[in-house]
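# Chain and residue survey
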Amino acid sequence: MIWSVAISLLGLMALSIPVGIVLFLLGIGVGEIYSAFPLLRGLGQVVWSSSNSSTLIAIPLFVLLGEILVRGGVAERTYAALDKWLSWLPGGLVHANIATATMFSATSGSSVATAATVATVAMPQAERLNYDPRLFSGAIAAGGTLGILIPPSINLIVYGFLTETSIPQLFSAGLLPGLLMALAFIAVTALICAVRPHLGGPSRSFGWTDRLRSLGQLVPIILLFAVVIGSIYAGWATPTESAAIGVVMAALIAVTLGTGLNGAAISQALHGTIRISAMIMLVVAGASFLNFAMTSAGLGRQLTEMIEGSGLTAFGTLMLVIALYLVLGFFIETLSLMVATIPIVVPIMAGLGYDKVWFGVLMIVLIEMALITPPVGLNLFVVHGVRKSGSMNDVIMGAIPYVLVMICMIAALIALPGLALWLPSIL
């Protein structure tokens, strides 16, 4: 049953069937073939139960928060302000790409939205100032991946819901690794451009007067992040309530600092929110039914017996799971990879003694790599689509140094679990 389910999953995805539908079809197939019970009769109840959660309301709210900031014109001003602070580093504007992606990751929760936002703002500057297209594009694609690690992360919310893990703890666990990875991206960029200065564009500098004046564009975004995340840890609000507060603050910021929220901008923000949220909820509902079907058919018991019979240690099993995600990440879209594997993998890892919060952060970093590795790395396609010129290979080659940083972060999380578990332990 294990191999037939895995092969069916890959085969149906290869046919370009929507992932949510694939998960429902697999669940129905498992129930009809491997279970003696009429599991299909429970479909309605499982879908309702998986959707009837106040926690999941945070997903459309966080998506709307990011959409408002993008449609309200805040991204351009934030990018220009960060450029004034980071332009002195080797690489100049490339650092503004990473820093802007980090700040928008801390508000939108979506990697693809973050990459699209930064690429739209930054690409015209790259062409005007003659930056190397590979490094510039790769930095945007890599910076965008931080959107699913730095809180509030939509993927962490989905992980917490499916594994019944504390979402505030997952948010705090992802914060330090996310910030460290952003700093590592900047350090690697500076090192590359110090060794090969022609990749980093022209040298520019701004005076302290310009920098201090630009704080007016940065402080509101930092305050938004502090209120959204701080209200959760202070116990003043749940993740859903903090997301609602964030939407109101984002609207105020867009009105006062951006280009304003006219009817067209609001319509685009709501349309984008509905489209993304519907896709996510279809996948979550499908994953819940597949999990129900596999559990009822005894797949979990088969997996446990297979691992126990393999003779692998806990660490050996962890290495096998990491290799599995690295391979599957080449072919399966990130959210789909998460929801399809969480019901199978997480119980196994928890049974071996690994902390579910720590493993959630490790899984997110592994999935981040999938966003910038071909052939289905979504951020690569997003950035290349915004460029409207050049080859996809430019974006792929430019992302390679940042993939190596992610591999180093995976090794660091394994060697030093406290990178992810320290903040949850003190909050």
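Counting of residues starts from 1 at the beginning of each chain's written sequence and follows it residue by residue. Whole-chain, interface and lining totals are the exception, using all residues; otherwise, since this is a predicted model, local features are given only for residues with pLDDT of at least 70 and side-chain atom pairs are given and counted only at 80 or more. With hydrogens and water excluded, all non-hydrogen atoms of the structure serve as input to the side-chain values.

- If you check an unreviewed UniProt entry, the protein chain appears there as TRAP transporter large permease protein from Paracoccus onchidii.
- UniProt positions are given in the numbering used here, feature names are shortened, and annotations may be inferred rather than shown by experiment. Taken from UniProt, the Subcellular location (unreviewed entry) comment for the protein chain reads in full: "Cell inner membrane".
- As its UniProt record puts it under Subunit (unreviewed entry), the protein chain is described as follows: "The complex comprises the extracytoplasmic solute receptor protein and the two transmembrane proteins."

### So, the overall build of the protein chain
- Secondary structure assignment for the protein chain yields 20 helices and zero strands.
- Relative to its length of 427 residues, the protein chain is compact, with a C-alpha radius of gyration of 22 Å against a globular reference of 22 Å.
- Expressed as a percentage of contacts within the protein chain between residues at least 6 apart in sequence, the contacts between residues at least 24 apart total 80%.
- We get accessible surface area from the Shrake-Rupley algorithm with a probe of 1.4 Å; when it comes to residues, only the shown protein chains can shield them. For the protein chain, the accessible area works out to roughly 17600 Å², and carbon and sulfur atoms hold 69% of it.
- When charges are tallied, Lys and Arg are placed among the positive residues and Asp and Glu among the negative ones, while His and the ends of the chain are skipped. Each charge is placed at NZ for Lys, CZ for Arg, CG for Asp and CD for Glu. Distance between charge centroids for the protein chain: 11 Å, based on 15 positive and 15 negative side chains. To qualify as a helix, a DSSP run of H or I must reach at least 4 residues; to qualify as a strand, a run of E must reach at least 2; elements of each kind are numbered from the N terminus. It is over C-alpha atoms that the radius of gyration is taken, and the globule rule equals 2.2 Å times the number of residues to the power 0.38. Contacts: residue pairs with any heavy atoms within 4.5 Å of one another.

### Quick look at a nonpolar patch on the surface
- Together, W208, L212, L215 and V219 make up an exposed nonpolar region whose accessible area comes to about 400 Å².
- Looking at where L215 falls in the secondary structure, it is placed in helix α11 (residues 208-233).
- According to the relative accessible area criterion, L215 is partly exposed, its value standing at 31%. Patch rule: a residue counts if its relative accessible area is over 30% and it has no salt bridge; like charges are joined within 9 Å, and nonpolar side chains (Val, Leu, Ile, Met, Phe, Trp, Tyr) within 5 Å. Salt bridge, as used here, is a side-chain nitrogen of Lys or Arg placed within 4 Å of a carboxyl oxygen of Asp or Glu. A 1.4 Å probe rolled over the protein chains alone gives each residue an accessible area, and that area as a share of the maximum for its type sets the label: buried under 20%, exposed over 50%, partly exposed in between.

### Things to note about the pattern of salt bridges
- A complete count under the given rule lists two salt bridges for this structure.
- The closest approach of N and O atoms between R134 and D132, which form a salt bridge, is 4.0 Å.
- Judged by its relative accessible area of 36%, R134 is partly exposed.
- The closest approach of N and O atoms between R213 and D210, which form a salt bridge, is 3.8 Å. In this pair, R213 and D210 both sit in helix α11, three residues apart, roughly one turn of the helix.

### Some words on the environment of L328
- Residue placement: L328 occurs in helix α15 (residues 314-328).
- Overall, L328 belongs to the buried group, its relative accessible area being 14%.

### Observations regarding the side chain of S214
- Here S214 lies in helix α11.
- Judged by relative accessible area, which is 6%, S214 ranks as buried.
- The residues contacting S214, other than those within four sequence positions of it, are A81, K84 and W85.

### Remarks on the packing of helix α5 (residues 74-86) against helix α7 (residues 111-129)
- Only the stretch in contact is used when fitting a helix axis, every axis being a line fitted to C-alpha atoms; angles between N-to-C directions are given from 0 to 180 degrees. Relative to each other, α5 and α7 sit at 55°, their axes nearing to 9 Å. When the interaxial angle is binned, α5 and α7 end up oblique. Considering how the two elements wind past one another, α5 and α7 form a crossing that is right-handed. For the pair formed by α5 and α7, the contact residues are A75, E76 and Y79 on the first element and T117, V121, A122 and Q125 on the second. Note on terminology: angles under 35 degrees are roughly parallel, angles over 145 are roughly antiparallel, angles of 65 to 115 are roughly perpendicular, and the others are oblique. Handedness of each helix crossing follows the sense of rotation of the near helix against the far helix: counterclockwise by less than a right angle gives left-handed, clockwise gives right-handed.

### Concerning the side chain of R211
- Structurally, R211 is set in helix α11.
- Salt bridges are absent for the buried R211, whose nearest opposite-charge side chain, D210, sits at 8.0 Å.
- The definition of a polar contact used here is a pair of N or O atoms within 3.5 Å, where within protein one atom must be able to donate a hydrogen and the other to accept one, and adjacent residues in sequence count solely through side-chain atom pairs. At a separation of 3.1 Å, a polar atom in the side chain of R211 contacts the main-chain carbonyl oxygen of K84.
- With sequence-adjacent residues up to four places away left out, R211 is seen in contact with K84, W85, W88 and F206.

### Describing the packing of aromatic side chains
- Ring geometry is summarised as follows: Phe, Tyr and Trp rings, the Trp one being its six-membered ring, pair when their centres sit within 6.5 Å, and such pairs are stacked at plane angles under 30 degrees, edge-to-face over 60 and tilted between the two. For the structure shown, the criterion picks out five aromatic pairs.
- Both rings, one in Y354 and one in W358, keep their centres 5.5 Å apart while their planes meet at 20°; by these two values the pair is stacked. Like W358, Y354 is buried.

### Comments concerning the environment of I150
- When you line up the elements, I150 lands in the loop between α8 (133-145) and α9 (154-163).
- Judged by its relative accessible area of 1%, I150 is buried.
- When the C-alpha atoms of I150 and S172 are compared, they prove to be 8.7 Å apart, with 22 residues separating the residues in sequence.

### Description of the environment of L261
- Checked against the element boundaries, L261 lands in the loop between α12 (239-257) and α13 (263-297).
- The contacts of L261, once residues within four sequence positions are left out, are I68, G72, A251, A254, V255 and I266.

### As for unusual backbone geometry
- With an omega of 0°, the peptide bond between P151 and P152 qualifies as cis.
- Secondary-structure assignment places P152 in the loop between α8 and α9.
- At E164, a residue that is not glycine, the phi angle is positive and equals roughly 55°.
- Within the secondary structure layout, E164 lies in the loop between α9 and α10 (167-195).

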